[in-house]
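Chain by chain, the residues:
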Amino acid sequence: MFNGIKYIFSNKDTRTLIITHMVFDVAIASVGLFYESIMHIAGLSTAETTDALYMIPFVYSAVTLLSGFVADLIGRKKTVFIGSAMCVVCFVMFIVGLNKSFPPYLIGIFAGLYQSGYWIGRDYMNIMMTEKVPTEIRASVVGGEGLLVTAGMALGYILMIVGMQFVSVGTACLVIIVPCVSIAAVWLMLKVKETKGTELNEIKEK
């Protein structure tokens, strides 16, 4: 694993990708843990919350299935960017929908879209890392990547704990998700090389 970490930081492209991934993962707690609490605080009844939650796995499944075809068609970078944009836009719409009393099923659709967009973006960052490293060290890099991104996750948890002391849960999530996901997606598009079509067995250590 530590050989994997050494390789990640010795290569400019993988170094940029891991830093991008760490910034992206600052939002992981905000995306994955508080959506039900946000709905409750917004005043949804138990029945309405259940209706909203009912939509999430169906939306998630459909978007995840579609993402594989999209990634092979237009590339990993664009897939991460689209997923990230969907996460940001649909989280904002999720909050707006709660404030404007949208129907619970529609709120659930927005929740499913922002969550699936985030996890698709994260999954394809992982895939890009595996497509940038030699076969001989790939498993070590995956392990090293998993260790490194915990720094971003830990920062995200700390920011949420602190943020909730001053603002609502929804607002705390909003001010973490929007900048972190947006910055990571734009930085990846500008600074990280595409990996679509990479011949994995031809990658050599640099």
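Right above here is the structure, for reference.
Conventions used here
Residues numbered from 1 in each chain as written. Predicted model: local features only at pLDDT ≥ 70, side-chain atom pairs only at ≥ 80, totals over all residues. Heavy atoms only, no water. Helix = DSSP H or I, 4+ residues; strand = E, 2+ residues; numbered from the N terminus. Rg over C-alpha atoms; globule rule 2.2 N^0.38 Å. Buried < 20%, exposed > 50% of the residue type's maximum accessible area, 1.4 Å probe, protein only. Contact = heavy atoms within 4.5 Å. Areas by Shrake-Rupley, 256 points an atom, 1.4 Å probe, with all protein chains shown as cover. Phe/Tyr/Trp six-rings, centres within 6.5 Å; stacked < 30°, edge-to-face > 60°. Salt bridge = Lys/Arg side-chain N within 4 Å of Asp/Glu carboxyl O. Disulfide = S-S within 2.5 Å. Axes fitted to C-alpha atoms, helices over the stretch in contact; angles between N-to-C directions. Parallel < 35°, antiparallel > 145°, perpendicular 65-115°, else oblique. Left-handed = near helix turned anticlockwise from the far one by under 90°. Nonpolar A, V, L, I, M, F, W, Y, C, P; charged D, E, K, R; others polar. 1 Å grid on protein atoms, 1.4 Å probe; cavity = no way out; pocket = protein on both sides within 12 Å on 5 of 7 lines; lining within 4 Å. Points joined across faces, edges and corners; volume = space filled by probe spheres on them.

K.L.:
Sorry, what's going on with the overall build of the chain here?
P.N.:
Looking only at helices and strands, the chain features nine helices and zero strands. Secondary structure of the chain in N-to-C order comes out as α-α-α-α-α-α-α-α-α. Relative to the compact-globule value of 17 Å for 206 residues, the chain shows a C-alpha radius of gyration of 18 Å, a close match. Oriented by its inertia axes, the alpha-carbon framework of the chain measures out at about 55 × 35 × 25 Å. Across the 206 residues that make up the chain, the buried fraction comes to 46%. Sequence-distant contacts, at least 24 apart, represent 83% of the contacts inside the chain between residues at least 6 apart. Just so you have it, the chain exposes about 10,200 Å², and 67% of that area is on carbon and sulfur atoms.

K.L.:
Before we go on, may I ask you to explain the packing of aromatic side chains in this structure?
P.N.:
Per the counting criterion, the structure on display carries six aromatic pairs. Taking 4.5 Å as the distance between ring centres and 10° as the angle between the ring planes, the aromatic pair formed by F24 and Y118 counts as stacked. In this pair, F24 is assigned in helix α2 (residues 12-25) and Y118 in helix α7 (residues 104-130), connecting sequence segments 94 residues apart. With relative accessibility at 0%, the residue F24 sits in the buried group. With centroids separated by 4.9 Å and ring planes inclined at 85°, the aromatic side chains of F91 and Y114 adopt a geometry described as edge-to-face. Taken together, the residues F91 in helix α6 (residues 76-99) and Y114 in helix α7 connect sequence positions 23 residues apart.

K.L.:
What am I meant to see in the pattern of salt bridges here?
P.N.:
Any two side chains of opposite charge can pair, given that their charged atoms come close. One pass over the full model with this rule turns up four salt bridges. A salt bridge links D72 to R76, with the shortest nitrogen-to-oxygen separation between them at 3.0 Å. For D72, a relative accessible area of 53% corresponds to the exposed category. For R76, a relative accessible area of 10% corresponds to the buried category.

K.L.:
Explain unusual backbone geometry to me, please; I cannot follow it from the model alone.
P.N.:
Of note, S101 is a non-glycine position whose phi angle comes to about 60°, a positive value. Structurally, S101 can be placed in the loop between α6 and α7.

K.L.:
How should I be thinking about the environment of G146 in this particular structure?
P.N.:
Residue position: G146 is located in helix α8 (residues 138-163). Between the C-alpha atoms of G146 and F2, which are 144 residues apart in sequence, the distance is 11 Å.

K.L.:
For this particular structure, what's the right way to read the state of the cysteines?
P.N.:
One covalent bond between the sulfur atoms of two cysteine residues makes up a disulfide. Within the structure shown, the criterion is met by zero disulfides. Free cysteine: C173, not disulfide-bonded; nearest cysteine sulfur from C87 at 11 Å. Look at C173 and you get buried, because its relative accessible area is 0%.

K.L.:
Would you take a moment to explain the packing of α2 against α8 for this structure?
P.N.:
Between two packed helices, the angle of one axis relative to the other and the distance separating the axes together describe the packing. Direction vectors running N to C along α2 and α8 enclose 45°, while the axes themselves pass 7 Å from each other. The angle between the axes of α2 and α8 places the two elements in the oblique class. Crossing of α2 over α8 shows right-handed handedness. When α2 is examined against α8, the residues I18, H21, M22 and D25 are found in contact with a partner set consisting of E145, L148, V149, A151, G152 and M153. Across the contact of α2 with α8, the residue classes break down as six nonpolar, two polar and two charged.

K.L.:
It is not clear to me how the layout of surface pockets should be interpreted in this structure. Could you clarify?
P.N.:
Sizing a probe to match a water molecule and rolling it over the atoms shows the empty space that remains. Size it by volume and the second largest pocket reaches roughly 170 Å³. What lines the second largest pocket is simply I38, I41, A42, I95, L98, N99, S168, V169, G170 and T171. When contributions to the lining of the second largest pocket are tallied by element, the ones reaching two or more residues are α4 (35-41), α6 and α9 (169-191). Of the residues in the lining of the second largest pocket, the class split is six nonpolar, four polar and no charged.

Any functional reading would require information that these geometric values do not contain.
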